[in-house]
6 protein chains.
Amino acid sequence: MIKLGFLSAILEDLTFEEVILFAAETGYSCVEIMCWPIGKAERRYAGVTHIDVTRLTAGRIREIRNLLDQKHVGISALGYYPNPLEADRKNAARYIAHIKKVIDAAKKLGLENVNTFVGRDHQVNVEENFKRFRKVWPGIVKHAEKRHVKIGIENCPMFFTGDEWPGGKNLASSPAIWRRMFNEIPSEHFGLNYDPSHLVWQFMDYIKPIHEFKDRIFHVHIKDAKVLRDELNDVGILATPLSFHRPKLPGLGDVDWGKFFSALTDIGYKGAACVEVEDRSYEGSLKTRKQSLIQSREYLRQFLA
Amino acid sequence: MIKLGFLSAILEDLTFEEVILFAAETGYSCVEIMCWPIGKAERRYAGVTHIDVTRLTAGRIREIRNLLDQKHVGISALGYYPNPLEADRKNAARYIAHIKKVIDAAKKLGLENVNTFVGRDHQVNVEENFKRFRKVWPGIVKHAEKRHVKIGIENCPMFFTGDEWPGGKNLASSPAIWRRMFNEIPSEHFGLNYDPSHLVWQFMDYIKPIHEFKDRIFHVHIKDAKVLRDELNDVGILATPLSFHRPKLPGLGDVDWGKFFSALTDIGYKGAACVEVEDRSYEGSLKTRKQSLIQSREYLRQFLA
Amino acid sequence: MIKLGFLSAILEDLTFEEVILFAAETGYSCVEIMCWPIGKAERRYAGVTHIDVTRLTAGRIREIRNLLDQKHVGISALGYYPNPLEADRKNAARYIAHIKKVIDAAKKLGLENVNTFVGRDHQVNVEENFKRFRKVWPGIVKHAEKRHVKIGIENCPMFFTGDEWPGGKNLASSPAIWRRMFNEIPSEHFGLNYDPSHLVWQFMDYIKPIHEFKDRIFHVHIKDAKVLRDELNDVGILATPLSFHRPKLPGLGDVDWGKFFSALTDIGYKGAACVEVEDRSYEGSLKTRKQSLIQSREYLRQFLA
Amino acid sequence: MIKLGFLSAILEDLTFEEVILFAAETGYSCVEIMCWPIGKAERRYAGVTHIDVTRLTAGRIREIRNLLDQKHVGISALGYYPNPLEADRKNAARYIAHIKKVIDAAKKLGLENVNTFVGRDHQVNVEENFKRFRKVWPGIVKHAEKRHVKIGIENCPMFFTGDEWPGGKNLASSPAIWRRMFNEIPSEHFGLNYDPSHLVWQFMDYIKPIHEFKDRIFHVHIKDAKVLRDELNDVGILATPLSFHRPKLPGLGDVDWGKFFSALTDIGYKGAACVEVEDRSYEGSLKTRKQSLIQSREYLRQFLA
Amino acid sequence: MIKLGFLSAILEDLTFEEVILFAAETGYSCVEIMCWPIGKAERRYAGVTHIDVTRLTAGRIREIRNLLDQKHVGISALGYYPNPLEADRKNAARYIAHIKKVIDAAKKLGLENVNTFVGRDHQVNVEENFKRFRKVWPGIVKHAEKRHVKIGIENCPMFFTGDEWPGGKNLASSPAIWRRMFNEIPSEHFGLNYDPSHLVWQFMDYIKPIHEFKDRIFHVHIKDAKVLRDELNDVGILATPLSFHRPKLPGLGDVDWGKFFSALTDIGYKGAACVEVEDRSYEGSLKTRKQSLIQSREYLRQFLA
Amino acid sequence: MIKLGFLSAILEDLTFEEVILFAAETGYSCVEIMCWPIGKAERRYAGVTHIDVTRLTAGRIREIRNLLDQKHVGISALGYYPNPLEADRKNAARYIAHIKKVIDAAKKLGLENVNTFVGRDHQVNVEENFKRFRKVWPGIVKHAEKRHVKIGIENCPMFFTGDEWPGGKNLASSPAIWRRMFNEIPSEHFGLNYDPSHLVWQFMDYIKPIHEFKDRIFHVHIKDAKVLRDELNDVGILATPLSFHRPKLPGLGDVDWGKFFSALTDIGYKGAACVEVEDRSYEGSLKTRKQSLIQSREYLRQFLA
């Protein structure tokens, strides 16, 4: 059965222990735990550290495992979403090194999944980025393979406003590119962290790829999005994406979740599906953010009881 | 967060105390309490008195407040829905006087919302009715302003069968008219009690007005409605409205509630959303009417947990 | 085969002879000839007299017939569209008398069709109007029966702006009413002059009635109409009809003419289908009005070659 | 109110007692109990015996009744779905005899409903099958009438793969045929066990028949189905049905359940609605089959609380 | 450019010479000429002999060629549509022999296209029919190859009423089967005579196969069809096809001809597109049948000028 | 009435005289004449010179006018579509100088319309481009104003493949930008050459802007386009535009031309509507290019007779 979880990023003001307790109380069976390096967030929803992978002592590991066992909550994946293909090579090297540490941490914790981005130099084209990709990614994937960890690349284009214009900061935005990525690196440890919401505003079918990439879907994000028709009619798709769409909680956007979970059950998906809250209507306070997870749980109960 | 409630009218055979207990038991956080004058109902769903505003002693007020505190249930609004623009001036004067008493009662109870109709002389046109409106309504609104009470006009055309033909008994049926009403009386205490079901059978977009009138939505009614296609094809829109549509419980009609609550969260609506049961399939007995509220609660949980 | 024609009203500045010549030149095979009494028009598109039925001498009849034979153009029907159920009984009597004269004229000219309205007192309801209907119409239909003339009632609600509010000036607006009319007067000489455009803005199926009333469709009007979505969303269906829809030339509105003519061929309809131009974009001058008929001819050629 | 249940067939590895306990624990208020003769299953989902109608002693009846009373779970119907019109007359006779035993058992248990198929010789046409029907079914219906038991014929065409090609093994697949069946045998004890999913892949309206056959709907099955567009575009409707559609849990297919239950409430249906699980994605183990019933319960709560 | 033509079958009462003259006069640039053996028609639209291939003397060939040259009308193909896989082997052998004669005739006339059916024993399944196919068809195709003639198999399922139940009399009804046919016999002289109308009532995409089978489309039939929704809702797709759909002239059915010709131009199709009239509304007389071709010409002018 | 024309670019191998003769013969009433400087084409469809504005002697002007008068064909506009905001300032200066010469030529020829692009440095964002726009365009518009010539900016984003990535070579791609352009330069001589096809693949409403910009639509291009759904689902809208859409002749794409011309008649548009052929299926030879204009003429006859 599919396991319902959420991303810990939305509860950044809680400790790891408090996050797990909240999951247990509200009926979630797993959590994707954010593992950014300690430091300042580079952008919204980033920079959250619920497990500090640089200080994962045997004692800490035991504490974590005990809590999870006791509360019957799992860790669906460790998550860290930087831009390992950033133009600034020094930064990129730092990100890559930390991704490897997150992979190491997953192994130590007995986990199988790490989620991240492939990244992109947003100012150069796909071709140029694939040149970088071919240099950067085989090493990371090999690192993961050796540790039996699966890397799930989220399919978010990381293109929101003028800051990421024109290419977005994550290459892995479409089936055509995924196909190429997996041809370049045909490892069974390299796959997708599949989120249908990013396909909605690209006007793409978000059901068909579930079938084509069924062996590559390692993890699922549950975010909804709605296209703003009036705004779109005004600015068109050449405008920056947030000017014509808005992320929403599941059930409040354009994704047909019945069809989505129907397809996941068709392919026999048994992994985690984690709610990712990026709906500004629910971000006013810790209380409303918690509420957004409770409501999402209620909404999803009809498909994932 | 939006607060889920219901209208007390459907539980007319219960006392105020029983209504509040029922809300508490079934997980509703507020109730819109009917405050008709004691007497015979003039039409279906009217004439219910759960609080008698003419006998609101300090003692009664204390009782009411204690019960609400104790049960963690609020009063979303006091409701009274007469026709203050009725052709018969004597009746109209009586209604207006009672509206003012309901406003006074709200203030005494520490409440901010009173819901009602602007009314309409259904036999004369919009222009003529606005002449009456300009005489009648500034006084009522002023009365409310002084008491810091907000008047929410429900957008029901009050046009069902031949009795209200041709104009219906409530002018406030469309955005074009709301716009004019609020231009005439630009008070911040004069707004809408927004119910999408009335727009469904008028073949109107019920999402866009949420954005245009976001500062005027003081209260929300949750009623669904379905257009009866075969009947409509037979009689057309010039027939009386109930001959081509039917009110239903939320989820059993044509309203897309996901889109509806998505829009309410977009505008940051934090008020009450109260289920209004007018589905004859559930009106057989007190038991089925209670059941209809329980089922509505279950349906709405996915959007309003 | 269905015969393509137009209504002569749009060419009011031409004589009968000029109208027939225009039809012959532009490839129309028939014309519905307007037969209002000589005098001032009471409303837009009314008051046109291409044949003066009060002066139809044997000589004039011979002239008319010769011209038609020579030009291979037929008269699909004589048309006169007053309100025989108008509240003012004197006016109504005048209209009824003239309808009978038009019927007489049809017989004299060897024609089978006269088109008109049943009329309506727009200020009283359907029930009251049927009382008048039962007094007025049996006599007219009997008059037609004796002369082997078929009366085609156009299904236009005659409701456009506030002037016809609330009921419109022609009762025969929906299948439910047609059914009742034909039950009251079950004569084979009493039927419909069917125009799909009036059903479009009433949000009704305009294909199904073609099957149900196949034996009652004596004549067809080809007018298109489009619902103005934005305006409708603003004012709703309770507003006057022209505030949310606009009559257009065939092909420029919401009627699916392929489906329409497909249904007419299914029932084996062999009568006339006459273009009725009421599209203000083409009413600037005689030249543009002629142009609108030429363009409609081009549009319809694909379905009625 | 409509009573929510499930078909016991999916829990074939449990005893009757365990099935009832499971229903009680998971919030179902009734169960349709499978009553196949003891022996090997002839096809998927068949051959389950939760009550052995050939051994229904007074003691066993008492046990069953006590358990139901104690657990507040009802038996919505006894179910047995063979092919009583099978070409092999010996087999058919055996099926018919057992249907009568199931009817007897229903009476003994104080139940009113037995569900089954009319059957069909899949290799001959509708006309030929009606000849058999007229010989076979009047006797069965009379048997039921005498015992005040209602026979609900499920509307499944029993056509899945090449084995049932070309006609399927159950005649009762469409309104046209139901109408004829009920004309042939106009007994009030002969009706439908209505399942919308079978109409979905036949591209039929599954709402309208609810109104036409409102007095014949004795029982309801809740199964969903989705049309596989790509597969359909490849093979067309002349291919065997499972090659272009797939049965799914409620909410994961193409049925609009809001509209479905809305119609059931419109006709005042008060009987049982039982979930029938035939979704292969949930058939891996007893645990997942149980889970599928729990999830369906959560999904249906919004319409049947 | 695509060449517009029609099938001569609809003008069965005319001679070959009259057919070609009619084409020339009405603006068609080619005709598919029916070549049934002289004798009685076996079914509607069959049995027409505009060229008798058994008597094709050098003199007759010269006459035919001269007429075509003189009138600037081509022969798009010779057509003969029997059932070469009929269960009765003697009949089948007769059909196959005549198909070969038609191929010979094409060569003699300097033509490249012959159109026919693969046939089907309608009482056995697809698998059994493919066994026959493998015996019968390689020989025919080889015969054609040697003469440089292309065989276009029409994709009509030949399933209309109970007579062809259950399988229809032409196997070649879907892309899945075409794919298999062309795998079995991968000759460049074996392809399709593509008619979108047969895919409409099979609820299939009629655009996509144009791309997949672009090298196999040797000829195109232009027939329209409409699904009869009410009838379909009554009988479902398991009923015989003519009970829920009706063939119509182009523009009077459900085919989107703009999209259809758009796809044909995309693949660079340069062959013939021939109107096939099977619309009973136009079959009353030779005059109406001629009229149906004139109207179709007018309709198609917008896409094939 | 709207005047039907075409762009001369598609007939590049003809002389001006031959183009006008072709228009006259095929029933077009005007032509947009290409006026590129003599030289090599920079891209597909560019570089055509049917009038050399640098050599427009009084004699040549007289010749041109005589031919137009004699053939009853008008020039709808002079067209020249370079990139006046190109990064290379020298090139840009050259383009601007030539635009001014085209404006001068229009005046000399007694014409009112010149069509062009505003251009864009495709490698910098909208903001940066507007800085350039503010320097470059006021001068050009002033030049046109003085000569009473109207500049119609085509709304083509000039973004097809990787060459124009990421921004496209013409800023004027959306209503939001048009609004801003016209605010910056509020001259009545600065407007649009409106082409709906460019809005289709940007997923924008192409009807609404007709109303908002009704005073700015100086000229209209008639090109169709279709979105390639499968390709889009594969690559998404972030890919280069030609990878998911294809330009087509009118009637062979996704534009609803009935609605389009309906809106143009609503606003009372009286200018030219010129067919722009960029459908590769028709570009094989001069003959097929001519044919594409003849077919477009036939298609448009139904809306523009």
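Please read these numbers as outputs of a predicted model, since none were measured by experiment.

Colleague: Even after reading the chapter, I still don't get the relation of the copies chain D and chain E, so can you show me in this structure?
Modeller: Relating the two copies of this chain is a rotation about some axis coupled with a shift parallel to it. With an axial shift of 0.0 Å and an RMSD of 0.1 Å, the rotation relating chain D to chain E amounts to 180 degrees. This pairing of chains is accounted for by a two-fold axis. Taking the C-alpha atom as reference, chain D places Pro-166 of chain D closest to the rotation axis, 2.8 Å from it.

Colleague: Sorry, what's going on with helix α2 (residues 58-71) of chain A here?
Modeller: Residue and element names in this part refer to chain A. Compared with an ideal rise of 1.5 Å per residue, which puts 14 residues at 20 Å, α2 spans 20 Å between its outermost C-alpha atoms and is within 8% of the ideal. Listed as buried for α2 are Ile-61, Ile-64, Leu-67 and Leu-68. Around the axis of α2, the buried residues are gathered within 130 degrees of arc, so they sit on the same side. Opposite the buried face of α2, at more than 90 degrees from it, the exposed residues are Ala-58, Arg-62, Asp-69 and Gln-70. In the core, the buried residues of α2 are packed alongside α1 (16-26), β3 (74-79) and α3 (89-108). Phi turns positive one or two residues past the end of α2, at His-72, with a value near 55 degrees.

Colleague: Would you mind showing me how to read the relation of the copies chain B and chain D here?
Modeller: Overlaying chain B on chain D yields an RMSD of 0.1 Å, the required transformation being a rotation through 121 degrees with an accompanying axial translation of 0.1 Å. The relationship between the two copies is best expressed as a three-fold rotation axis. By C-alpha distance to the rotation axis, the residue of chain B lying nearest is Gln-302 of chain B, at 5.0 Å. Both copies present different contact surfaces, since only 6% of the interface residues of chain B are interface residues in chain D too.

Colleague: When you look at the sheet that holds strand β3 (residues 74-79) of chain F in this model, what are you seeing that I'm missing?
Modeller: By way of backbone hydrogen bonds, the strands of a sheet pair with one another, either parallel or antiparallel. Residue and element names in this part refer to chain F. Ordered by their spatial adjacency, eight strands build a closed barrel running β1-β2-β3-β4-β5-β6-β7-β10, and the pairing between neighbours is parallel. Sheet twist, expressed as the mean angle between neighbouring strand axes with direction ignored, is 30 degrees. Across three bridges, the pairing between strand β1 (residues 3-7) and strand β2 (residues 30-34) is parallel. The partner of Gly-5 across the bridge, within β2, is Cys-30.

Colleague: What's the story with the pattern of salt bridges in this structure? I'm lost.
Modeller: A side chain of one charge can pair with a side chain of the opposite charge when the charged atoms of the two come close. Counted under the stated rule, the structure contains 120 salt bridges over all chains. A salt bridge links Glu-17 of chain A to Arg-60 of chain A; its shortest N-O distance comes to 2.9 Å. Of the two residues, Glu-17 of chain A sits in helix α1 while Arg-60 of chain A sits in helix α2, which places them 43 residues apart along the sequence. What emerges from the salt-bridge pattern is a single network uniting Glu-298 and Arg-301 of chain A, Glu-298 and Arg-301 of chain B together with Glu-298 and Arg-301 of chain D.

Colleague: Sorry if this is basic, but what is going on with the interface of chain B and chain D here?
Modeller: Interface size, as often reported, equals the accessible area lost upon joining of the parts. Counting residues at the interface gives 17 residues for chain B, matched by 14 residues for chain D. Roughly 1300 Å² of surface becomes buried between chain B and chain D when both sides are summed, with 48% attributable to carbon and sulfur atoms. Looking only at chain B, the three residues that lose the most surface to chain D are Leu-252, Gln-295 and Glu-298 of chain B, adding up to 32% of its buried area. Taking the shortest distance from any N to any O, the salt bridge between Arg-301 of chain D and Glu-298 of chain B comes out at 3.8 Å. Per-element tally for the side of chain B that touches chain D: the top contributor is helix α10 (residues 286-300) of chain B, with six residues. In terms of residue class, the side of chain B that touches chain D is built from four nonpolar, seven polar and six charged.

Colleague: Help me understand the layout of surface pockets, please; the structure alone is not making it clear to me.
Modeller: The method is simple in principle: a probe with the dimensions of a water molecule rolls over the atoms, and the space it marks as empty is what remains. There is about 1600 Å³ of room inside the largest pocket. Surrounding the largest pocket, 44 residues form its lining, Lys-208 of chain A, Asp-230 of chain D, Asp-205 and Lys-208 of chain E together with Asp-230 of chain F being those nearest its centre. Element by element, the count of residues in the lining of the largest pocket is highest for helix α8 (residues 229-235) of chain D, at five residues. Residues that form the lining of the largest pocket fall into these classes: 13 nonpolar, six polar and 25 charged.

Colleague: I'm lost on the interface of chain D and chain E in this one. Help?
Modeller: With 31 residues of chain D in contact, the opposing surface of chain E contributes 31 residues. When the two sides are added together, the surface that chain D and chain E hide from each other amounts to roughly 2200 Å², 61% of it contributed by carbon and sulfur. Considering only the side of chain D, the residues that lose the most area to chain E are Trp-165, Ile-237 and Leu-238 of chain D, jointly responsible for 28% of the buried surface there. Applying the counting criterion to the chain D and chain E interface returns two salt bridges. Of the charged contacts, one joins Arg-179 of chain E and Asp-234 of chain D as a salt bridge, the two residues approaching to 2.5 Å between their closest N and O atoms. Applying the counting rule to chain D against chain E returns six residue pairs in polar contact (both at pLDDT 80 or more). Ranked by the residues each element gives to the side of chain D that touches chain E, the list is headed by α8 of chain D, at six residues. Residue composition of the side of chain D that touches chain E, by class: 15 nonpolar, nine polar and seven charged.

Colleague: Can you help me understand the packing of helix α3 (residues 89-109) of chain E against helix α4 (residues 126-146) of chain E in this one?
Modeller: For any two helices packed against each other, the geometry is given by the interaxial angle and the distance between the axes. Residue and element names in this part refer to chain E. The geometry of α3 relative to α4 is characterised by a closest axis approach of 9 Å and an angle of 20 degrees between their N-to-C directions. The angle between α3 and α4 places the two elements in the roughly parallel class. Two packed elements cross with a definite hand, and for α3 against α4 that hand is right-handed. On α4, the residues touching Arg-89, Ala-92, Ile-96, Ile-99, Lys-100, Ile-103 and Asp-104 of α3 are Arg-132, Val-136, Trp-137, Gly-139, Ile-140, His-143 and Ala-144. Here the contact of α3 with α4 is composed, by residue class, of eight nonpolar, two polar and four charged.

Colleague: Looking at this structure, how should I read the nonpolar core?
Modeller: Nonpolar side chains in soluble globular proteins tend to be buried together. Among the nonpolar cores identified, the biggest contains 647 residues, and Trp-137 of chain A, Trp-137 of chain B, Trp-137 of chain C, Trp-137 of chain D, Trp-137 of chain E together with Trp-137 of chain F are the most heavily contacted of them. Top element by residues in this core is α3 of chain E. It accounts for eight residues. With residues near it in sequence (within four places) discarded, Trp-137 of chain E still touches Pro-84, Leu-85, Ile-99, Thr-116, Phe-117, Val-118, Ile-151, Ile-153, Ile-185 and Phe-190 of chain E.

Colleague: When you look at the side chain of Thr-26 of chain D in this model, what are you seeing that I'm missing?
Modeller: Residue and element names in this part refer to chain D. Tracing the backbone through its elements, the reader meets Thr-26 in helix α1 (residues 16-26). Taking the relative accessible area as the measure of exposure, Thr-26 reaches 18% and is therefore buried. Polar contacts involving the side chain of Thr-26 include one to the main-chain carbonyl oxygen of Phe-22, which spans 2.7 Å. Among residues more than four places away in sequence, those in contact with Thr-26 are Ile-294 and Arg-297.

Colleague: Would you take a moment to explain the arrangement of the chains for this structure?
Modeller: Nothing in chain A touches chain C, and the closest approach of their C-alpha atoms is 12 Å. The two units chain D and chain F never meet; even their closest C-alpha atoms stay 12 Å apart.

Colleague: What's the story with the packing of aromatic side chains in this structure? I'm lost.
Modeller: How two aromatic rings sit relative to each other is set out by the distance from centre to centre and by the angle between their planes. Residue and element names in this part refer to chain B. Under the criterion given, the structure shown has 117 aromatic pairs over all chains. On the basis of an interplanar angle of 35 degrees and a centroid distance of 6.2 Å, the ring pair of Phe-133 and Phe-190 is categorised as tilted. One end of the pair, Phe-133, is in helix α4 (residues 126-146); the other, Phe-190, is in strand β6 (residues 190-194), and 57 residues separate them in sequence. Note on Phe-261 and Phe-303: the rings are 5.9 Å apart at their centroids and 25 degrees apart in plane angle, and the pair reads as stacked.

Calculation rules
Position numbers for residues count from 1 along each chain, tracking the sequence in the order it is written. For naming, the first written chain is A and the first written ligand is 1, with later ones following in the order written. Whole-chain, interface and lining totals are the exception, using all residues; otherwise, since this is a predicted model, local features are given only for residues with pLDDT of at least 70 and side-chain atom pairs are given and counted only at 80 or more. Note: side-chain values were computed over all heavy atoms of the structure, leaving out hydrogens and water. The copies are overlaid by a least-squares fit using only the C-alpha atoms of residues whose pLDDT is at least 70 in both copies. Elements are defined by DSSP. Helices are runs of H or I of four residues or more, strands are runs of E of two residues or more, and each kind is numbered from the N terminus. How far a helix is expected to stretch is found by multiplying one less than its residue total by 1.5 Å. Throughout this description, buried means an accessible area under 20% of the type-specific maximum (1.4 Å probe, protein chains only), exposed means over 50%, and partly exposed covers the range between. This arc is taken over the directions from the axis of the helix to the C-beta atoms. Should any heavy atoms of two residues lie within 4.5 Å, those residues are considered in contact. The rule for pairing is simple: two strands pair if DSSP sees at least two bridges between them. The axes used here are C-alpha line fits, helices contributing only the stretch in contact, and every angle between their N-to-C directions lies in the interval 0 to 180 degrees. The term salt bridge refers to a side-chain nitrogen of Lys or Arg lying within 4 Å of a carboxyl oxygen of Asp or Glu. The term buried area refers to how much accessible surface (probe radius 1.4 Å) is lost by two components on association, counted for both of them together. Side-chain classes are defined by residue name, with Ala, Val, Leu, Ile, Met, Phe, Trp, Tyr, Cys and Pro counting as nonpolar, Asp, Glu, Lys and Arg as charged, and the others, Gly among them, as polar. A pocket, in this scheme, is an open set of points on a 1 Å grid over the protein atoms alone with protein on both sides within 12 Å along at least 5 of 7 lines, while a cavity is a set where a 1.4 Å probe fits but cannot get out; residues line either one if an atom lies within 4 Å of a point. Grid points are joined across faces, edges and corners, and a volume is the space filled by probe spheres set on the points. Within 3.5 Å is the distance limit for a polar contact, defined as a pair of N or O atoms, with the added protein rule that one can donate a hydrogen and the other accept it, and that residues adjacent in sequence qualify only through two side-chain atoms. Roughly parallel refers to an angle under 35 degrees, roughly antiparallel to one over 145, roughly perpendicular to one between 65 and 115, and oblique to any angle outside these ranges. Throughout, a crossing is termed right-handed when the near helix is turned clockwise from the far one, and left-handed when it is turned anticlockwise from it by less than a right angle. Throughout this description, the term nonpolar core refers to a set of buried Ala, Val, Leu, Ile, Met, Phe, Trp, Tyr and Cys residues connected via side-chain atoms within 4.5 Å. Stacked, tilted and edge-to-face are the three classes assigned to paired rings of Phe, Tyr and Trp, where Trp is represented by its six-membered ring and a pair needs centres within 6.5 Å; plane angles under 30 degrees give stacked, over 60 edge-to-face, the rest tilted.

Everything listed here is a matter of geometry and, on its own, says nothing about what the molecule does.
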